[in-house]
Amino acid sequence: MTTGVVEKLLLAALILGLAWAPAWLGSNRAIAWGVNGILFPGLVIAYELSRIVLGRPHAVAARYLSVPIGLFIGVVAWILLQISPWTPPTLVHPIWPLAAQALGEPVPGSISVDPGASVLGLLRLITDASVFWLALQLCRSAPRAHLLLHAIMAIIAVYAALGLYLAVFEASSIPYLDGPAPGLVRSTFINRNSLAAYAGIGVIIALTLWLRALRAASATGSHQPGRFLRLIAQFHWIEIGAGLLALGALMATGSRGGVIATAAGLACVLVLTFPRSDGSILQRISVLLVPLLALGGAVVFMGDVVFGRIAASGLTDTSRAAVNDIMIRSLQDAPLSGFGYGTFTDIFPVYRDQSISTTGVWDKAHNTYLEVLQGLGLVFGTMMIALVAWLVGLCVVGAFRRRRHRAPLICAVGTGILLGVHALVDFSLQIQAISLTFMALLGAGVSQWASSSVNLSDGTLS
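In this report, we go over the structure that sits alongside the text.

Calculation notes
Residues numbered from 1 in each chain as written. Predicted model: local features only at pLDDT ≥ 70, side-chain atom pairs only at ≥ 80, totals over all residues. Heavy atoms only, no water. Helix = DSSP H or I, 4+ residues; strand = E, 2+ residues; numbered from the N terminus. Contact = heavy atoms within 4.5 Å. Areas by Shrake-Rupley, 256 points an atom, 1.4 Å probe, with all protein chains shown as cover. Salt bridge = Lys/Arg side-chain N within 4 Å of Asp/Glu carboxyl O. Buried < 20%, exposed > 50% of the residue type's maximum accessible area, 1.4 Å probe, protein only. Phe/Tyr/Trp six-rings, centres within 6.5 Å; stacked < 30°, edge-to-face > 60°. Lys NZ or Arg CZ within 6 Å of the ring centre and 35° of its normal. Axes fitted to C-alpha atoms, helices over the stretch in contact; angles between N-to-C directions. Parallel < 35°, antiparallel > 145°, perpendicular 65-115°, else oblique. Core = buried A, V, L, I, M, F, W, Y, C linked by side-chain atoms within 4.5 Å. Lys, Arg positive; Asp, Glu negative; His and termini not counted. Arc of directions from axis to C-beta. Left-handed = near helix turned anticlockwise from the far one by under 90°. Nonpolar A, V, L, I, M, F, W, Y, C, P; charged D, E, K, R; others polar.

To continue, consider the overall build of the chain. For the chain, the count of helices and strands is 17 helices and zero strands. Excluding contacts between residues fewer than 6 apart, the proportion of contacts in the chain whose partners are at least 24 apart in sequence is 78%. Summing over all exposed atoms, the chain offers an accessible surface of approximately 20200 Å²; the carbon and sulfur share of this is 70%.

Structure below.
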C-alpha cells in the first residue's frame, strides 16, 4: 500500500470522525469523549506507524513548531503534576488535609481538587492535539487541505439544515435528545449558543471558498466586457447554499455572542482575502460588493430573533459578569498552582455568592480564558492560551506572505477569531465537536504556512 493511499484513507477517517462529533450533543458526554479519545489518537498512531513501515518522513517536521510543541508539553506535564498523588505537600490543595481530618485517615493529596475531572480534561486536550497533528501532516498537500475545507463546510451545512428542520416542525426525530426550544435552533448540540459558534465556522468557510472562487474568476479576463455577468453565472452555488444554511441556523439561534463573534471572524476573512496590495481599488470593490450585499440581506431577513434579544436584553449579561468576578477572586487563592485542569464544576460552588441567583447549576464558566487560568494557574494557563495564539498568528503571517492556497490559512484565522471572541462569553471551545473542528482547520492552515516549494519534512523524500 502506497503512502498516498494510506494518507487518503486517514483523511477520510478524520472527516468521518469530524462528522460524527456533533451528533451526540456536540460530543458533550463522557461516552463521546471516550470514543473520540480512542478514534483520533488512534488515527495518529496509525499515521505514525505508516511512517515507520513505509520509511517516509513527516510532511511537517516538529522542529518548525518547536515553540507551540514546547508549550504543549509544558502544559501536559503540569496537568500530570496536578493529578499526581506524590505532589510536594506545599502544593497540595487545602481541601485534601481537611478531607483527611474529616475521615480520620490519611488521604492522598494533589494540586487538583478533583483529579478525575483533570484526567478527563487531559483526555480531551490530547484528543484535540491529535486532530491538529493529523490535519497538519495530511494537509501539507494543498488539494487535500481544500478537500478538508469543503468537507467541513458540508458537514456544518447538514447539521444546520437539521437544526432548521427540527425548529420549524417543532419536533425531534432524534430519540436521545430532548425537543428543541420553540422558535430557536440548536440542532444536535447541547444548546443554541454552541450551534451558533459551529454554524459561524460554516459561514466563514463558505465565504472564504466563495471569495477565493470569485477572485480566481476576476483575475482572468479582468478587462473583458461582460466580466461581471460571467461572475454571476459562475456563482459557485454549493458554497452559497452551504453558507446560507449555516447563516440561517446562526441567526435563528438568537445567540448575540455567536453573531457578534462570527461578524468579527468574517471581517478578518475580508481583510485577509483582499490585502491592500492585491489589485486595484475598483477591482476589490467590485468583487466585494456581491458578498457584502448578500450577507447584509440575509442578516436583515433572518435576524429578527437576534435583534429582538438585543433590544430586550442588551448586549451584556449581568450573571456572566458576576461569575467572571467570582472567578477572578478565586484566582487570588491559587494564582500559580491553579485548582486543577477541568475542575470548575467542583471549585465554583466554594466561591459562589449572592451576586448571582442561588438557583441553577453553573457547570461551565462562560469565559474559557478565565476557566483555563483558574484550572492551570496564571503561568501554565497563559501558556495554554499562548499556544493557540501562536498557531493562529502563524496562519496570519502565512496568509499575508503567500499568493496561492491561502484559503486554509484564512479559514483558520477567521475561525480562531470567531472562537476567541466567543470564548469571552461562552464555552464553545469546551464542546468537542467545535474544538475538534477548529483543530482540524488550524492544522490545515498551519500546514500551508509555507509555500509548497519549501520542504518542511524531517527527511529527504525518496
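Having seen the structure, we can now continue with the description.
A few words now on the pattern of salt bridges. Under the counting rule described, the total for this entry stands at three salt bridges. A salt bridge links Arg144 to Glu7, with the shortest nitrogen-to-oxygen separation between them at 2.6 Å. Of this pair, Arg144 sits in helix H6 (residues 142-169) while Glu7 sits in helix H1 (residues 3-20), and the two are 137 residues apart along the sequence. What makes Arg144 buried here is its relative accessible area of 17%. On the basis of relative accessible area, Glu7 is assigned to the buried category, the value being 8%.

Here the focus is the packing of aromatic side chains. Under the counting rule described, the total for this entry stands at five aromatic pairs. For the pair Phe189 and Tyr198, a centre-to-centre distance of 4.9 Å together with 45 degrees between the ring planes defines the contact as tilted. Of the two residues, Phe189 and Tyr198, both sit in the buried class. Look at Phe339 and Tyr351: their rings are 6.0 Å apart centre to centre, the planes differ by 70 degrees, and that puts the pair in the edge-to-face class. You can see Phe339 sitting in the loop between helix H13 (318-331) and helix H14 (344-351) and its partner Tyr351 sitting in helix H14, a full 12 residues away along the chain. Three or more aromatic residues joined by ring pairs make a cluster, and in this case those are Tyr159, Phe189 and Tyr198. Over the face of the ring belonging to Trp33 we find Arg124, whose NZ or CZ atom lies 4.3 Å from the ring centre. Directly above the aromatic system of Phe427 lies the positively charged group of Lys364, at a separation of 5.5 Å from the ring centroid.

Moving on, we get to unusual backbone geometry. For Ser187, which is not glycine, the phi torsion reads 55 degrees and is therefore positive. Residue position: Ser187 is located in the loop between H6 and helix H7 (192-219). Residues other than glycine seldom take positive phi values, yet His405 does so here, at roughly 55 degrees. Examined against the element boundaries, His405 turns out to sit in the loop between helix H15 (368-401) and helix H16 (407-422).

Interaxial distance between H6 and H16 falls to 9 Å at its minimum, and their mutual angle equals 45 degrees. By the angle between their axes, H6 is oblique relative to H16. On H16, the residues touching Ala145, His146 and Leu149 of H6 are Ala407, Pro408 and Cys411.

Right, let's get into the nonpolar core. A general tendency of soluble globular proteins is for nonpolar side chains to be buried together. One finds Leu148, Ile205, Leu442 and Val446 to be the most contacted residues of the largest nonpolar core, which totals 106 residues. For Ile205, the contacting residues outside a window of four places in its chain are Leu149, Ile152, Met153, Cys411 and Leu441. Of all hydrophobic cores here, the second largest spans 10 residues; its members include Ile326, Met327, Phe344 and Leu370.

Within the element layout of this structure, Asp128 appears in helix H5 (residues 115-138). Among buried charged residues, Asp128 stands out as having no salt bridge; its nearest opposite-charge side chain is Arg124, 7.0 Å away. Leaving out residues up to four positions away in the same chain, Asp128 has contacts with Ser435, Leu436 and Met439.

This part covers H14. Burial in H14 covers these residues: Phe344, Ile347 and Phe348. For H14, the buried positions fall inside an angular range of 110 degrees around the axis, keeping them on one side. In H14, those exposed residues whose orientation departs by more than 90 degrees from the buried face are Pro349 and Val350.

Once that is clear, we can look at the packing of H16 against helix H17 (residues 432-447). Relative to each other, H16 and H17 sit at 145 degrees, their axes nearing to 7 Å. Crossing geometry of H16 relative to H17 is assigned as left-handed. For the pair formed by H16 and H17, the contact residues are Pro408, Leu409, Ala412, Thr415, Gly416 and Leu419 on the first element and Ile434, Phe438, Leu441, Leu442, Ala444 and Gly445 on the second. Looking at the contact of H16 with H17 residue by residue, the classes come out as nine nonpolar, three polar and no charged.

For Pro85, the position within the fold is in the loop between helix H3 (66-83) and helix H4 (95-103). A C-alpha to C-alpha distance of 5.6 Å links Pro85 and Pro108, two positions 23 residues apart in sequence. In contact with Pro85, not counting residues within four places along its chain, are Pro108 and Gly109.

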